Structure formats: structure tokens, C-alpha cells
Amino acid sequence: MNVLVTGGTGFIGKQIIQALLEKGHAVTNLTTQCKQEGRVSEMFQHVYWNPTTKELNKSLLNSIQGVIHLAGYSVANKWSTANKALMVSSRISSTEFLCEILNEMDTLPNVLVGASASGFYPNSEEIQDENALKGTGFLSDLTQQWEEASTSLLPSIKNIHLRIGVVLSANDGALKKLTPIFKAGIGSAVGNGNQYMSWVHEKDLVSLFIHCLENNVASGVYNATSDIPVTNYKFSKTLAMVLRKPFFLPKVPAFVLKVLFGEMSQLVLVSQRLSNLKIKSTAFEFRFKNIHDALSNVYGKN
Ligand SMILES: NC(=O)c1ccc[n+]([C@@H]2O[C@H](COP(=O)([O-])OP(=O)(O)OC[C@H]3O[C@@H](n4cnc5c(N)ncnc54)[C@H](OP(=O)(O)O)[C@@H]3O)[C@@H](O)[C@H]2O)c1
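What counts and what doesn't
Residues numbered from 1 in each chain as written. Predicted model: local features only at pLDDT ≥ 70, side-chain atom pairs only at ≥ 80, totals over all residues. Heavy atoms only, no water. Near = heavy atom within 4 Å. Polar contact = N/O pair within 3.5 Å; in protein donor to acceptor, adjacent residues only side chain to side chain. Areas by Shrake-Rupley, 256 points an atom, 1.4 Å probe, with all protein chains shown as cover. Helix = DSSP H or I, 4+ residues; strand = E, 2+ residues; numbered from the N terminus. Nonpolar A, V, L, I, M, F, W, Y, C, P; charged D, E, K, R; others polar. Core = buried A, V, L, I, M, F, W, Y, C linked by side-chain atoms within 4.5 Å. Buried < 20%, exposed > 50% of the residue type's maximum accessible area, 1.4 Å probe, protein only. Contact = heavy atoms within 4.5 Å. Salt bridge = Lys/Arg side-chain N within 4 Å of Asp/Glu carboxyl O. Pairing = 2+ DSSP bridges. Right-handed = clockwise from strand over helix to strand, strands pointing away.

J.: Go over the site of the ligand with me, naming the residues and quoting the values.
T.: Taken together, 22 residues form the shell around the ligand, and within it Thr9, Thr31, Thr32, Gln33 and Leu70 come nearest. Within the side chain of Gln33, one N or O atom sits 2.7 Å away from an oxygen atom of the ligand. In this structure, an oxygen atom belonging to the ligand sits 3.1 Å away from a main-chain N or O atom of Gly72. Considered on its own, the ligand offers 880 Å² of accessible surface; in the complex 80% of this is hidden by protein. Put simply, the parts of the chain that give the shell around the ligand at least two residues each are α1 (11–22), α2 (81–103) and β7 (111–117). Per-element accounting of the shell around the ligand gives the leading share, three residues, to β7. Here the residues of the shell around the ligand are counted per class, giving 10 nonpolar, 11 polar and one charged.

Given below as C-alpha cells:
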């Protein structure tokens, strides 16, 4: 299959491209870094695009059967007014330009698998599936706009949106920030520790994107989170245990995180306990179902 990827230079994208190439797919990645443009191998090229100015050399694109859309300015950056505007515009303008490019092709792709986020949901300790109502706040509004953009602009192809939870990887994301703190033996839970975290191992997430691309998965939203969400306390305690470090310090109170990180503190204080039954009903099995096994694998201990 010829697969078009956006945001493929990022943390998740690099791994998805590697896996696509190993499976024999040809990959074109759209990148906003002009220095990256060029052919990497017979099966893989980077093509420069600028979704704001709508720059792209369309002659470099062959017919496309599938799309994986990941591009967006990271929400792990400081939530200043300017950065929040970029988090939104980078996702919406890239989606709009991507859909414009695809709509101009002789043949539309069959499927677009887009990144979305568990931040769509309201703060709750109850199990929530894809039918739950939207939450409130910046992340929830952003994910809704992002999902709606491609669904409305490409109505005649399969649009699949993966609401991704916290991705577990030693090399990036939340664990990259937490590992030095826990390795120093000063890790602790945050807030009241009872807030749920819906997580996914990076290897499962990569498999999930490819599963949605290759198999008969219907259009719609799917929670991309593993079987057993855990509370922040359980997650923090397990992380300390896997790293063989002490876990004795008091929880970091929510107000301290709010003073330090402002509105962005909701990334760790909001509770999301998501069901993954819908994606599992498409014959997808998560390899890492419980947090101990997942963290042990991340740190090379199983
Ligand atoms: N990692 C997680 O825990 C997580 C959880 C939920 C959802 N997600 C979503 O999944 C997607 C991929 O995540 P990731 O962790 O791989 O992100 P990442 O490492 O930040 O990579 C995102 C990619 O988006 C492109 N990008 C950045 N700023 C852009 C802009 N202003 N305009 C257009 N493209 C821009 C970049 O590619 P170029 O520089 O090559 O253009 C970058 O490599 C993101 O959209 C993210 O929001 C991630």
C-alpha cells in the first residue's frame, strides 16, 4: 500500500513508519522541515509541506491508498496563549490542507487514521466508552475540532480517529520526564492520586495504527488505551517498583502543580478511565494489558 503520513518525524510517527516499511508498505511523510525533504530509500521519502502557506510539490506524491495523520504542535509545550493557538492551528490547518490535497487526487485513499486524544473526555473516575459526552476545556475542544475537520472534509472515505491515552515509552512522552525523578528515588503520586490514567504501550499503539490501516475497521472514534487503566497512585507506585526505587514521599498537592504548570497541570490531574472494548471488537488484541508488564517491558526488565 502507498501510505501518506503526516508528523512522521515525531515520537509516534517514526515508529509507525519503521513498522510500515518492515511490512512492505511504501511511505511518503509530509514534514514542515524543508531540510528533511528527499528520498531516504526506494520505499520511503520525506516531502516538505507548509499547511499555513499551502506549499507542497504535489508531483512528488504518487497515488495514495492510506493516510496516517499525526501532525500537530505538541500539547506538552507550555500552555501560553500563543502556544495554545499553535496547538489548535497546527492541527486544523494541517488537516484542512491534507484533505484539500487528497480531494485533488485522481483517486481518493480508502482510509485515514488520525491521532486524537483521551483529553476529549470529561474528568471522571467512572469507566467511559466512545459514547461518553465530550468534556470541557481546551483539550476537549481541540480534540473535537480536530476529529470533525477530517470527517467533514473527507466524508466519502473511512475516517478513523484514535483517542490516544498516555503513551508509555522510555524515550519520550511522560515517562521520559518522570524517569529521572523516580530513578533519583524521589518519585511520588500527584493530586489526590485517585485520578485514573488510561495508558498504552508504544508498541501496541504502533500496531493499532497499522491494524486500522490494513484491516476492515469501520469509520469512527476508538479509544486507543490498554485494558486496565490505573490510578495515578498505582501507576507511580508501580513505576518505583519496576525501577527498584523507594516510594515513600507524600503526594504532590494539586495546587502546587497548578502554580507550577497552570492549566497544563490538567494533563496529570484529570481522571480518565477509558474502555477499549470497541477497538478490541475489531479483532485487535493489546499485547500489554497491565501496567506492571508494560513498564517492565519499557525498561527492558521482561
Ligand atoms: N504522545 C502522546 O502521548 C500522545 C497522546 C495523545 C495524542 N497524541 C497525538 O498524536 C500525535 C503524534 O504524537 P507524537 O507524540 O508523535 O508528537 P510529536 O513527537 O510532537 O510529533 C508531532 C509531529 O507534528 C509535526 N508538527 C509539529 N508542529 C507542527 C506544526 N506547527 N504544523 C504542522 N506539523 C507540525 C512535526 O513534524 P514535522 O516537524 O516533520 O513537520 C512533529 O514531528 C500528535 O498530534 C499528538 O497530539 C500523542
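Alright, that's what it looks like, and here's the rest.
J.: Got a sec to walk through the nonpolar core? Specific residues and values, please.
T.: Residues Leu20, Ile68, Leu162, Ile164 and Phe209 are the most contacted members of the largest nonpolar core, which totals 34 residues. Going through the elements one at a time, β1 (2–6), α1, β7, β9 (158–164), α5 (202–214) and β13 (220–224) are the ones with two or more residues in this core. When residues in this core are grouped by element, the largest group, seven residues, is from α5. Once residues lying within four places of it in the same chain are set aside, the contact partners of Leu20 are Val3, Val5, His25, Val27, Ile68, Ile210 and Leu213. If you look at the next biggest cluster of nonpolar residues, it comprises 18 residues, including Leu4, Trp49, Cys99 and Leu154.

J.: Please set out the pattern of salt bridges residue by residue, giving values where relevant.
T.: Counted by the stated rule, this structure contains seven salt bridges. Between Asp141 and Lys134 there is a salt bridge, with its nearest N and O atoms 2.6 Å apart. Residue Asp141 is classed as partly exposed on the basis of its relative accessible area of 36%. The closest approach of N and O atoms between Arg163 and Glu147, which form a salt bridge, is 2.8 Å. Taken together, the positions of Arg163 in strand β9 and Glu147 in helix α3 (residues 138–153) put the pair 16 residues apart, joining distant regions of the chain. Glu147 carries the same exposure label as Arg163, and that label is buried.

J.: Describe in detail the pairing of β1, supporting the description with residues and values.
T.: For β1, the tally of buried residues reaches four of five residues, placing the bulk of the element in the interior. Of the pairings in the sheet, the one linking β1 to strand β2 (residues 26–31) comprises five bridges and is parallel in character. In the sheet register, Val3 faces β2, and the bridge partner there is Val27. Read from β1 through α1 to β2, the crossover connection turns out right-handed. Looking at chain direction, β1 and strand β6 (residues 66–69) are connected through four bridges and run parallel.

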